[in-house]
Amino acid sequence: MHFFTYKKNKFYAEDIAVEKIAKEVGTPCYVYSQKTLTRHYAAFDEAFESVPHLICYSVKANSNIAVLNTFIKQGSGVDIVSGGELFRALKAGANPKKIVYSGVGKREDEIEYALKTGILMFNVESPEELRTINKIAGRLKKKASFAVRVNPNVDAKTHPYISTGLKKNKFGIATEQAIKEYIFAKNNLKNLVPIGVDCHIGSQLTQISPFVDALKKTKNIIATLRKEGIDVKYLDMGGGLGITYKDEDAPHPSKYGKAVISETKGLDVTLIFEPGRVMVGNAGILVAKVLYTKQGTEKNFIITDAAMNDLARPSLYDSYHAIKPVRKNSGKEIIADVVGPICESGDFFAKDRELPPFKSGDLMAIMSAGAYGFSMSSNYNSRPRAVEVMVTGNKFKIIRDRESYKDLIKGERLS
Ligand code: LLP
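All of these numbers come straight from a predicted model, not from anything done at the bench. (Residues numbered from 1 in each chain as written. Predicted model: local features only at pLDDT ≥ 70, side-chain atom pairs only at ≥ 80, totals over all residues. Heavy atoms only, no water.)

Participant: Talk me through the nonpolar core; I want residue IDs and the actual numbers.
Facilitator: Membership of the largest hydrophobic core comes to 109 residues, with the highest contact counts inside it found for Phe 122 and Tyr 256. For this core, the leading source of residues is helix H8 (residues 209-227), giving 7 residues. Both domain 1 (4-32 + 281-408) and domain 2 (34-278) contribute no fewer than three residues apiece to this core. When residues no more than four places from it in sequence are discounted, the contact partners of Phe 122 are Tyr 101, Lys 106, Ile 111, Ala 114, Leu 115, Ile 133, Ala 144, Ser 145, Phe 146 and Ala 147. Listed in part, the 20 residues of the second largest apolar core include Val 31, Val 287, Ala 322 and Val 391. (Core = buried A, V, L, I, M, F, W, Y, C linked by side-chain atoms within 4.5 Å. Buried < 20%, exposed > 50% of the residue type's maximum accessible area, 1.4 Å probe, protein only. Helix = DSSP H or I, 4+ residues; strand = E, 2+ residues; numbered from the N terminus. Domains from an automatic or database assignment. Contact = heavy atoms within 4.5 Å.)

Set out below in structure tokens:
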């Protein structure tokens, strides 16, 4: 559910015409709906209201500090994967005691930063990392709370690039070894405190069953650890709940909630969730302007001023994003590729798509661009990154300026 709709022929973000925003801030621009963000957070939170839980919004999905702050004000914690994300989260007002730190390659300076900040826990992904955290905590005379991210060898049934819970993936530690590491840490790594078990199996999951399969395995691990006298207070389920981009039947958080709550009955843990996409995906659009249209010998092309550097998902995962005209017109539909100005054939937003007859100067909304849109954008082809705008009711605010040419060469110097 989101708040991007047509009113008569014009496309609106909440109560403001997208056309008006584009006129004022230019294109390409990312437009987020704050009402959608808060609604998504509330829906997830309500799904777990009957059990102790903590939502740690996954910063990587959309890391603008205004987006983070919107969730933090609702009580959210954050899931971070770098020192940079920690910095952003703190700037946005995150409570350190609600921060979990995931990722396979935490650097020593990043671990130190997180320890000094006093985060809730590290989600540890390798035996070497565990020892490194212990060493740094000792140097800082601190105790580091941790969970091991277990790799349950469960197929998330999603795109292979975003599937993370299989043995062949780089993530986490396999069950048997994970248990050994907890025991080793208990006996030998005195600056560590085990407080949880973590498991994240992938992203854009549209079925509940892989989550339940992973949960069953995680429950067994918790039981084993408790027998060994290791106190497990938190069960971190990671993120991964999918959304509807086209016609996927993505489960509502309440359905996910019911399944998780029933599976964890009597487990006596606080559940942690790291949702990203489900919070922000459908709360954002990318608005682009048509520069040119051309009829190739085999195809029609609609060339926009946005490109794969602004939204990389179609190029990277061949993913589908709906495309809507910002002002509806009544002409005959055409079949076309929507492409950007970048010098690569992989620079496209849609292929062989049935679309209204866009012409030069028309605006289009590329839907479901709130997650892994701006946060994965780049300056490829020396294109300044797009402006980001937050809409609240009939008002909007620029939450990140469009980059300038000067920004492009920031820090560069002649040799
Ligand atoms: N927790 C961990 C440890 C993660 O690695 C991720 C995402 C999340 C939580 C949040 O997952 P979500 O709820 O958003 O599915 N760029 C890709 C998605 C990469 C996901 C990476 N990890 C895309 O555009 O589809």
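Participant: Account for helix H4 (residues 83-91), with residues named and values stated.
Facilitator: Looking at H4, one finds that the buried residues are Gly 83, Glu 85, Leu 86 and Ala 89. Along the axis of H4, the buried positions cluster into a sector of 160 degrees, meaning they face one direction only. Where H4 is buried, its residues contact helix H3 (65-73), strand S6 (77-80), strand S7 (99-101) and helix H5 (108-117). Phi for Gly 93, located one or two positions after H4, is positive at around 95 degrees. (Arc of directions from axis to C-beta.)

Participant: Explain the side chain of Glu 85 to me, and be specific about the residues and the numbers.
Facilitator: Mapped onto the elements of the fold, Glu 85 is located in helix H4. Although Glu 85 is buried, it forms no salt bridge, and the closest oppositely charged side chain is Lys 60 at an N-O distance of 5.6 Å. In this structure, Glu 85 is in contact with Val 59, Lys 60, Asp 79 and Ile 80, ignoring residues within four places of it in sequence. (Lys, Arg positive; Asp, Glu negative; His and termini not counted. Salt bridge = Lys/Arg side-chain N within 4 Å of Asp/Glu carboxyl O.)

Participant: How would you summarise the packing of aromatic side chains if you had to cite specific residues and measurements?
Facilitator: Across all of its chains, the model carries 15 aromatic pairs by this definition. A centroid spacing of 5.6 Å and a plane angle of 40 degrees characterise the contact between Phe 44 and Phe 48, whose relative ring orientation is tilted. Phe 48 shares its class with Phe 44; the two are buried. A connected cluster of aromatic rings, assembled from ring pairs, spans Phe 44, Phe 48, Phe 211, Tyr 256 and Phe 273. (Phe/Tyr/Trp six-rings, centres within 6.5 Å; stacked < 30°, edge-to-face > 60°.)

Participant: Any chance you could break down the environment of Leu 267 for me, citing the residues and the numbers?
Facilitator: Following the sequence through the fold, Leu 267 ends up in the loop between helix H9 (253-263) and strand S13 (270-273). A residue is classified by how much of its surface remains accessible, and Leu 267, at 11% relative accessible area, is buried. With 48 residues separating them in the primary sequence, Leu 267 and Lys 219 have C-alpha atoms 8.0 Å apart.

Participant: Let's hear about the layout of surface pockets: which residues, and what values?
Facilitator: Volume-wise, the largest pocket comes out at about 660 Å³. Lining the largest pocket are 33 residues, and of these Lys 60, Thr 164, Phe 171, His 200 and Tyr 372 lie nearest its centre. Mapped onto the lining of the largest pocket, the elements with two or more residues apiece are H4 and helix H11 (313-317). Its residues assigned to classes, the lining of the largest pocket comprises 9 nonpolar, 13 polar and 11 charged. When residues of the lining of the largest pocket are assigned to domains, at least three map to each of domain 1 (4-32 + 281-408) and domain 2 (34-278). (1 Å grid on protein atoms, 1.4 Å probe; cavity = no way out; pocket = protein on both sides within 12 Å on 5 of 7 lines; lining within 4 Å. Points joined across faces, edges and corners; volume = space filled by probe spheres on them. Nonpolar A, V, L, I, M, F, W, Y, C, P; charged D, E, K, R; others polar.)

Participant: Can you explain the pairing of strand S4 (residues 29-33)? Please cite residues and give values.
Facilitator: Within S4, 5 of the 5 residues are buried, leaving the element largely enclosed by the surrounding structure. The pairing of S4 with strand S14 (residues 284-295) spans 4 bridges and is antiparallel. Within the sheet, the bridge partner assigned to Val 31 lies in S14 and is Ile 285. Note: S4 against strand S20 (residues 387-392), 5 bridges, orientation parallel. Within S20, the position partnered with Val 31 by the bridge is Val 389. (Pairing = 2+ DSSP bridges.)

Participant: Residues and numbers for the site of the ligand, please.
Facilitator: Neighbouring the ligand are 19 residues; Ser 203, Glu 274, Arg 313, Tyr 317 and Tyr 372 lie closest to it. At 2.9 Å, a backbone N or O of Gly 276 approaches an oxygen atom of the ligand. Out of a free accessible area of 590 Å², the ligand has 92% covered by protein chains. Using a 2 Å cut-off from the grid points, one finds that the ligand occupies the largest pocket. Residue classes in the shell around the ligand are distributed as 5 nonpolar, 8 polar and 6 charged. There are two domains that each give the shell around the ligand at least three residues, and those are domain 1 (4-32 + 281-408) and domain 2 (34-278). (Near = heavy atom within 4 Å. Polar contact = N/O pair within 3.5 Å; in protein donor to acceptor, adjacent residues only side chain to side chain. Areas by Shrake-Rupley, 256 points an atom, 1.4 Å probe, with all protein chains shown as cover. Sits in = over half its atoms within 2 Å of the grid points.)

Participant: So what about H3? Which residues, and what values?
Facilitator: Along H3, the positions that sit buried rather than exposed are Val 67, Leu 68, Thr 70, Phe 71 and Ile 72. Residue Asn 64 occupies the N-cap position of H3, its side-chain oxygen lying 2.7 Å from the main-chain nitrogen of Ala 66. Remark: Gly 75 follows H3 within two positions and exhibits a positive phi of approximately 110 degrees.

Participant: Tell me about the pattern of salt bridges, and please be specific about residues and values.
Facilitator: Tallied over the full model, the rule gives 22 salt bridges. Across the salt bridge formed by Lys 60 and Asp 79, the nearest N and O atoms sit 3.5 Å from each other. Of this pair, Lys 60 sits in the loop between strand S5 (53-58) and H3 while Asp 79 sits in strand S6, and the two are 19 residues apart along the sequence. Taking relative accessible area as the criterion, Lys 60 reaches 31% and is therefore assigned partly exposed. Across the pair Glu 108 and Lys 135 runs a salt bridge whose closest N-O atoms are separated by 2.9 Å. Separated by 27 residues along the polypeptide, Glu 108 in helix H5 and Lys 135 in helix H6 (residues 127-139) bring together distant segments of the chain. The partly exposed category is assigned to Lys 135, whose relative accessible area is 46%. Sharing partners across several salt bridges, the network here consists of Glu 108, Glu 112, Lys 116, Lys 135 and Arg 139.

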